[in-house]
Amino acid sequence: MALPVAISRRILARATPFGARSASSWWGHVEPAPKDPILGVTEAYLADPSPDKVNVGVGAYRDDNGKPVVLECVREAERRIAGNFNM
């Protein structure tokens, strides 16, 4: 029973997903996109050793009672957009 498993593992280790070689050459000339600045906020949070840090990256914010916290900048954006029917 161990021999078929070993053979299967060798075959899977050498197998290339269909089209993987052609896809890599197809996109080889394309430059990577710049880093997403929003994800940089999370990277900075993770790198900060401060015990008082607050993660304001991607996500929903809630207070200690589990209620949603709406940031003041979001409230201001809502006020500005509320009168604009084109948005």
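Along each chain, the written sequence defines residue order, and numbers are assigned to residues from 1. Residue-level local features of this predicted model are given only where pLDDT is at least 70; pairs of side-chain atoms are given and counted only at 80 or more, and the full residue set underlies all totals for whole chains, interfaces and linings. Computation of side-chain values: all heavy atoms of the structure, hydrogens and water removed.

1. As for the overall build of the protein chain
For the protein chain, the count of helices and strands is 4 helices and 0 strands. Starting at the N terminus and ending at the C terminus, the protein chain contains elements arranged as α-α-α-α. Counting only residues that meet the buried cut, the protein chain has 1% of its 87 residues in that class. Accessible surface computed for the protein chain: about 8400 Å², of which carbon and sulfur atoms make up 62%. The helix count covers DSSP runs of H or I at least four residues long, the strand count covers runs of E at least two residues long, and both are numbered beginning at the N terminus. Burial classes follow relative accessibility: with a 1.4 Å probe on protein chains only, a residue under 20% of its type's maximum area counts as buried, one over 50% as exposed, and anything between as partly exposed. Per-residue and other accessible areas were derived by the Shrake-Rupley procedure at a 1.4 Å probe size, with only the shown protein chains allowed to occlude residues.

2. So, the packing of aromatic side chains
Remark: the centre distance and the inter-plane angle together describe each pair of aromatic rings, the angle taken between the planes. Two aromatic rings, drawn from Phe, Tyr or Trp (for Trp, its six-membered ring), form a pair once their centres lie within 6.5 Å of each other, and the interplanar angle then sorts them: stacked below 30 degrees, edge-to-face above 60, tilted otherwise. Applying the stated criterion across every chain yields a total of 0 aromatic pairs. In this scheme, Lys NZ or Arg CZ marks a charge over a ring once it lies within 6 Å of the ring centre and within 35 degrees of the ring normal. We note Lys53 situated over the ring of Tyr45; from NZ or CZ to the ring centre the distance is 4.5 Å.

3. Here's the deal with the confidence of the model for the protein chain
A score between 0 and 100, pLDDT records how confident the predictor is in each residue. The predicted model of the protein chain averages 77 in pLDDT, with 68% of residues at 70 or higher. The secondary-structure element of the protein chain with the lowest mean pLDDT is helix 1 (residues 2-14), recorded at 61, while helix 4 (residues 72-82) shows the highest, at 89.

4. Side note on a nonpolar patch on the surface
Residues with no salt bridge and a relative accessible area higher than 30% make up the patches, which join like charges within 9 Å and nonpolar side chains (Val, Leu, Ile, Met, Phe, Trp, Tyr) within 5 Å. Salt bridge, as used here: a side-chain nitrogen of Lys or Arg that lies within 4 Å of a carboxyl oxygen of Asp or Glu. On the surface, Val69, Val70, Leu71 and Val74 cluster together to form a nonpolar patch covering roughly 260 Å² of accessible area. Classification of Val74 by relative accessible area gives partly exposed; the value is 36%.

5. A word on the pattern of salt bridges
Per the stated rule, a full pass over the model turns up 3 salt bridges. For Glu76, the salt bridge is made with Arg79, and the minimal N-O distance between the two is 3.1 Å. You can see Glu76 and its partner Arg79 sitting in helix 4, 3 residues apart, about one turn around the helix. Glu76 gets classed as partly exposed once you look at its relative accessible area, which sits at 31%.

6. Let's talk about the environment of Val69
By secondary structure assignment, the location of Val69 is in the loop between helix 3 (37-47) and helix 4. Look at Val69 and you get partly exposed, because its relative accessible area is 36%. Contacts are residue-level and defined by heavy atoms, with any inter-residue pair within 4.5 Å sufficient. Discounting residues that sit within four places of it in the chain, Val69 has contacts with Tyr61, Arg62 and Asp63.

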